[in-house]
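# Structural overview
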Amino acid sequence: MYYFIYYFAMFMIYSFCGWVIEMLYVGFSEKKIINRGFLLGPYLPIYGVAGTLMTFILGFYIDYPFFLFLNAIIIGSIVEYFTGYAMEKIFKAKWWDYSKEPLNLNGRICLQNSILFGILGTILVYYINPFLRSCLNQIPHSILYFISGLLLSLFVIDAIISCNIIKQLKLTATALKKDYTDEMSHKVRESLANKNWSFKRILNAFPDLTFLNMKEFKKMIKKQAKRLKEKTKKLARLRKKEEKLKNKQKELEKEIKKIK
């Protein structure tokens with residue numbers, strides 16, 4: 001039980017740190033403070049999940065910084081991709097879109113973000129984790145239980161409220177514009193933002209938010225599946241070519257040996 005509480009505390013700390021990072025990054029680029037994230041509270045669970053997984057996995061590579069960095073990229077990319085996919089499935093909405101970024105995968109992840117996850121993961125393992133562990137180990141178990149229990153309760157309540165807000169936002173958007181296609185128009189976004197402060201917060205936090213009807217959602221999934229299939233086929237062809245080249249190289253080496 002203690003280990004669950006211990007790692008939940010780490011999850012919440014990483015989530016808060018992620019929220020701060022996003023606030024600073026967006027605040028610097030947009031020149032204004034925006035409460036980033038799906039939830040109302042000051043935390044981004046995507047960073048919490050990625051940070052906790054990195055804590056479990058990357059410790060095995062602590063003596064190999066390069067492999068640690070690569071695995072941090074992989075973990076961060078997988079978490080971000082499947083978070084985006086799951087949220088699209090649950091809410092029938094696309095929350096972020098990296099389609100315009102170079103080397104992106106279905107608009108859910110891109111190379112730039114993946115490299116940032118790699119850098120953050122490396123810093124986390126070598127500097128943040130040792131400090132966090134020493135701090136948490138100094139907190140008496142009873143106090144850690146109480147704080148974690150309180151945070152868990154607030155987190156669950158926040159998740160319920162936030163899901164309800166998204167549900168209401170989607171219903172209101174549908175009422176305002178029944179036949180929207182790829183994006184909500186500027187006027188619809190403006191109307192939604194003026195209706196409710198919580199709608200405005202979500203729209204500011206996710207400027208690329210796009211609600212999809214069932215037909216569009218199925219089309220998007222089929223399109224992405226087709227792209228993945230094509231990429232898999234290309235990889236298979238490249239592997240076959242690589243094998244042929246290796247075989248030719250072996251044959252040439254044998255011929256050279258015969259000549260010698």
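Calculation notes
- The written sequence of each chain sets the order in which its residues are numbered from 1.
- Totals for whole chains, interfaces and linings use all residues, but because this is a predicted model, local features are given only for residues with pLDDT of at least 70 and pairs of side-chain atoms are given and counted only at 80 or more.
- Where side-chain values are given, they derive from all heavy atoms of the structure, hydrogens and water being excluded.
- Secondary structure elements are defined from DSSP: runs of H or I of at least 4 residues count as helices, runs of E of at least 2 residues count as strands, and each element is numbered from the N terminus.
- When accessible area is computed with a 1.4 Å probe and restricted to protein chains, residues below 20% of their type maximum are described as buried, those above 50% as exposed, and intermediate ones as partly exposed.
- Residue contacts are defined here by distance: any two heavy atoms, one from each residue, within 4.5 Å place the two residues in contact.
- The Shrake-Rupley method, run with a 1.4 Å probe sphere, supplies the accessible areas, and residue values consider only the shown protein chains as cover.
- One side-chain nitrogen of Lys or Arg within 4 Å of one carboxyl oxygen of Asp or Glu is enough to make a salt bridge.
- Nine residue types can take part in a nonpolar core, namely buried Ala, Val, Leu, Ile, Met, Phe, Trp, Tyr and Cys, and a core is a set of them joined through side-chain atoms within 4.5 Å.
- In this analysis, the expected span of each helix is defined as 1.5 Å times one less than the number of residues it contains.
- For a residue, the bend is simply the angle between two axes, fitted respectively to the seven-residue segment ending there and the seven-residue segment starting there.
- Axis lines are fitted to C-alpha atoms, over the contacting stretch for helices. Their N-to-C directions set the angle, which ranges from 0 to 180 degrees.
- Throughout, the term roughly parallel applies to angles under 35 degrees, roughly antiparallel to angles over 145, roughly perpendicular to angles from 65 to 115, and oblique to all others.
- Nonpolar residues are Ala, Val, Leu, Ile, Met, Phe, Trp, Tyr, Cys and Pro. Charged residues are Asp, Glu, Lys and Arg, and all others, Gly as well, are polar.
- Note on aromatic pairs: the rings of Phe, Tyr and Trp (six-membered ring only in Trp) are paired at centre separations within 6.5 Å, and the planes decide the class, stacked below 30 degrees, edge-to-face beyond 60, tilted for the rest.
- By definition here, charges over rings are those cases where NZ of Lys or CZ of Arg is within 6 Å of the ring centre and within 35 degrees of the ring normal.
- Two helices crossing with the near one rotated counterclockwise from the far one by less than a right angle form a left-handed crossing, whereas a clockwise rotation gives a right-handed crossing.

## Topic: the overall build of the chain
Tallying secondary structure elements over the chain gives 8 helices and 4 strands in all. Mapped in sequence order, the helices and strands of the chain form the string α-α-α-β-β-β-α-α-α-α-β-α. Relative to its full complement of 260 residues, the chain shows a buried share of 38%. Of the contacts formed within the chain by residues at least 6 apart in sequence, a portion of 70% connects residues at least 24 apart. Looking at the chain as shown, the accessible area adds up to about 17,100 Å², and 66% of this sits on carbon and sulfur atoms.

## A word on the pattern of salt bridges
Evaluated as defined, the whole model comprises 1 salt bridge. Across the salt bridge formed by E88 and R108, the nearest N and O atoms sit 2.7 Å from each other. Linking E88 in helix α3 (residues 65-91) with R108 in the loop between β2 (104-105) and β3 (109-110), this pair joins segments that are 20 residues apart in sequence. Taking the relative accessible area as the measure of exposure, R108 reaches 1% and is therefore buried.

## Description of the nonpolar core
With 39 residues, the main nonpolar core has F38, M54, L58, F91 and W95 as its most contacted residues. Put simply, the parts of the chain that give this core at least two residues each are α1 (2-30), α2 (45-57), α3, α4 (111-138) and α5 (141-176). Considering every element that reaches this core, the biggest residue donor is α1, with 11 residues. Not counting the four nearest positions on each side in its chain, M54 is found in contact with G59, A72, I75, G76, F117, G121, L124 and V125.

## Digging into α4
For α4, spanning 28 residues, the distance from its first C-alpha to its last is 39 Å, which sits close to the expected 40 Å at 1.5 Å a residue. Approximately 50 degrees is the largest bend angle found in α4, and it occurs at L124.

## What to know about the packing of α2 against α4
As a packed pair, α2 and α4 sit with axes 10 Å apart at the nearest point and diverge in direction by 70 degrees. If you check the angle between α2 and α4, you find them roughly perpendicular. On α4, the residues touching Y47, A50, G51, M54 and T55 of α2 are F117, L120, G121, L124, V125, N129 and R133. The residue inventory of the contact of α2 with α4, partitioned by class, reads 7 nonpolar, 4 polar and 1 charged.

## Considering the packing of aromatic side chains
Tallied over the full model, the rule gives 10 aromatic pairs. Here the aromatic rings of Y81 and F82 are separated by 5.5 Å at their centres, their planes lie at 80 degrees, and the arrangement is edge-to-face. A residue is classified by how much of its surface remains accessible, and Y81, at 12% relative accessible area, is buried. Joined through ring pairs, the aromatic side chains of F4, F8, F11, Y43 and F155 make up one cluster. Over the ring of Y81 we find R108; its NZ or CZ atom is 4.9 Å from the centre of that ring.

## Re the packing of α1 against α2
The contact between α1 and α2 brings their axes to 7 Å, and the two run at 125 degrees. Considering their axes alone, α1 and α2 lie oblique with respect to each other. In terms of crossing hand, the pair formed by α1 and α2 is right-handed. Judged by residue contacts, Y7, M10, F11, Y14, S15, G18 and E22 of α1 engage P45, Y47, G48, V49, G51, T52, T55 and F56 from α2. Considered class by class, the residues forming the contact of α1 with α2 number 8 nonpolar, 6 polar and 1 charged.

## A closer look at unusual backbone geometry
The backbone phi angle of L103 is positive, close to 55 degrees, even though this residue is not glycine. Looking at where L103 falls in the secondary structure, it is placed in the loop between β1 (93-94) and β2. If you check the backbone angles, N106 has positive phi at about 55 degrees while not being a glycine. Relative to the assigned elements, N106 resides in the loop between β2 and β3.

Purely geometric numbers; function is a separate question.
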